Amino acid sequence: TDVLIELLNDSSFNVAQYAAWGLGEIQAPAAVPELLRHTQSVSKGFRGQVIRALGSCYDDNVHAELRDSIHTIVKGALRDSTPDVRISALLSARHLGYRVMTEEVIRMSRDPSAKVRHVAVQALGQLAVGDAPRSLGPVSVRTRTNIVEALMLSLEEPMQSIRTKAVRSLEKIGAQAAIPALERLLKTGTDKDQREARRVLEGLQATAAS
């Protein structure tokens, strides 16, 4: 841990980036103060790994006084100009329980970058049911409704992988309100869309009938 923390200041951004990645992998709480010094790095790759590592390394028992600052930094990174950094911020946000970031994650389901939308759509399913470290549990009824509406819009995505993630997130939530949208996908979607929609519809309809 000490060696990796020192390498965050290496003259090579490539070395520093791998150091940040390593600290995130071992979830080193001691790294958080130094990571905070590099969240605005001009290197996109390094900046992304620093943001991702912040969530992994954060520890409620060690960094309580830094919690609000870390949440603010990660939330801000959800609007970074670089798609890969935005993805890193989404992954970091999950480790923080998506605290104070719900509206941002919903917005990111319409992000200009398809790869960001892919991660955001999966995150919405986790967020809705409280499937994240440090989560406060399932979201409110109003927020759940907003999430389900965003996921139903994602069923119209041009990319197959995003549509599939949206279907599976709706399944995770148990979104009865999505049944009509899933039925449309069953009629008009690709073979994979139809398989996924049929499977989820069977589960939702069985739950509704019980």
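Per chain, residue numbering runs from 1 following the sequence as it is written. Thresholds applied to this predicted model are a pLDDT of at least 70 for local features of residues and 80 or more for the giving and counting of side-chain atom pairs; totals over whole chains, interfaces and linings are not thresholded and use all residues. Just so you know, side-chain values use all the structure's heavy atoms and leave hydrogens and water out.

Participant: Describe the overall build of the chain, with residues and values.
Facilitator: For the chain, the count of helices and strands is 13 helices and zero strands. Secondary structure elements in the chain, listed N-terminal to C-terminal, are α-α-α-α-α-α-α-α-α-α-α-α-α. Seen through its C-alpha atoms, the chain measures out along the principal axes to roughly 60 × 30 × 25 Å. Sequence-distant contacts, at least 24 apart, represent 63% of the contacts inside the chain between residues at least 6 apart. Shrake-Rupley sampling with a 1.4 Å probe provides the accessible areas, and residues are treated as covered by the protein chains on show and by no other component. Accessible area of the chain: about 10,400 Å², with a carbon and sulfur share of 51%. Residues counted as positive are Lys and Arg, residues counted as negative are Asp and Glu, and His and the chain ends are not counted. By convention, the charge on Lys lies at NZ, on Arg at CZ, on Asp at CG and on Glu at CD. Measuring between centres, the 27 positive side-chain charges of the chain sit 6 Å from its 24 negative side-chain charges. Helix and strand definitions follow DSSP, with helices as H or I runs of at least four residues and strands as E runs of at least two, each counted in order from the N terminus. Residues count as neighbours in contact if any of their non-hydrogen atoms are within 4.5 Å of one another.

Participant: Lay out the packing of helix 10 (residues 141-154) against helix 11 (residues 160-173) in plain terms, naming residues and giving numbers.
Facilitator: For the pair helix 10 and helix 11, interaxial distance at closest approach is 8 Å and the crossing angle is 150°. The pairing of helix 10 with helix 11 is recorded here as roughly antiparallel in orientation. Helix 10 and helix 11 meet at a crossing whose hand is left-handed. Every residue of helix 11 that contacts helix 10 at Arg 144, Ile 147, Val 148, Leu 151 and Ser 154 is listed here: Arg 163, Ala 166, Ser 169, Leu 170 and Ile 173. For the contact of helix 10 with helix 11, the per-class residue count stands at six nonpolar, two polar and two charged. Think of each axis as a best-fit line through the C-alpha atoms, taken over the contacting stretch in the case of a helix, with angles from 0 to 180 degrees between the N-to-C directions. Oblique is the label for every angle not falling under 35 degrees (roughly parallel), over 145 degrees (roughly antiparallel), or within 65 to 115 degrees (roughly perpendicular). By the definition used in this description, the sense in which the near helix is turned from the far one sets the handedness, with an anticlockwise turn below a right angle giving left-handed and a clockwise turn giving right-handed. Three classes are used: nonpolar for Ala, Val, Leu, Ile, Met, Phe, Trp, Tyr, Cys and Pro, charged for Asp, Glu, Lys and Arg, and polar for all others, with Gly counted as polar.

Participant: Explain the packing of aromatic side chains to me, and be specific about the residues and the numbers.
Facilitator: Working definition: a ring pair exists when centres of Phe, Tyr or Trp rings (six-membered ring for Trp) sit within 6.5 Å. Plane angles under 30 degrees give stacked, over 60 give edge-to-face, the rest tilted. Evaluation of the coordinates by the stated rule reveals one aromatic pair. Centre to centre, the rings of Phe 13 and Phe 46 are 6.1 Å apart; their planes meet at 35°, and the pair counts as tilted. Residue Phe 13 is found in helix 2 (residues 13-26), and its partner Phe 46 is found in helix 4 (residues 44-57); the two are separated by 33 residues along the sequence. Given the relative accessible area of 40%, Phe 13 is considered partly exposed. Only protein chains enter the accessibility calculation, which uses a 1.4 Å probe. A residue is then buried if its area is under 20% of the maximum for its type, exposed if over 50%, and partly exposed in between. Here Phe 46 falls in the buried class, since its relative accessible area comes to 2%.

Participant: Which residues make up the pattern of salt bridges, and what values do they have?
Facilitator: When a carboxyl oxygen of Asp or Glu lies within 4 Å of a side-chain nitrogen of Lys or Arg, that pair is called a salt bridge. Enumeration according to the criterion identifies 15 salt bridges in this entry. A salt bridge links Arg 134 to Asp 60, with the nearest nitrogen and oxygen atoms 3.0 Å apart. Of this pair, Arg 134 sits in the loop between helix 9 (114-129) and helix 10 while Asp 60 sits in helix 5 (residues 60-63), and the two are 74 residues apart along the sequence. Arg 134 sits in the partly exposed class, given a relative accessible area of 26%.

Participant: Just give me the short version of the nonpolar core, but keep the residues and values in it.
Facilitator: If you look at the biggest cluster of nonpolar residues, it comprises 60 residues, and the most contacted ones within it are Leu 35, Leu 90, Ile 147, Leu 151, Leu 155, Leu 170 and Leu 182. When near neighbours in sequence (up to four residues on either side) are disregarded, Leu 182 contacts Leu 155, Val 167, Leu 170, Ala 197, Val 200, Leu 201 and Leu 204. Here, nonpolar core means buried Ala, Val, Leu, Ile, Met, Phe, Trp, Tyr and Cys residues that are tied together by side-chain atoms lying within 4.5 Å of each other.

Participant: Run through unusual backbone geometry, naming residues and quoting values.
Facilitator: One non-glycine residue with positive phi stands out, namely Gln 27, at about 50°. Relative to the helices and strands, Gln 27 is located in the loop between helix 2 and helix 3 (32-36). Gln 27 gets classed as partly exposed once you look at its relative accessible area, which sits at 45%. Phi at Val 100 takes a positive value of approximately 55°, unusual for a residue other than glycine. Here Val 100 lies in the loop between helix 7 (83-95) and helix 8 (102-108).

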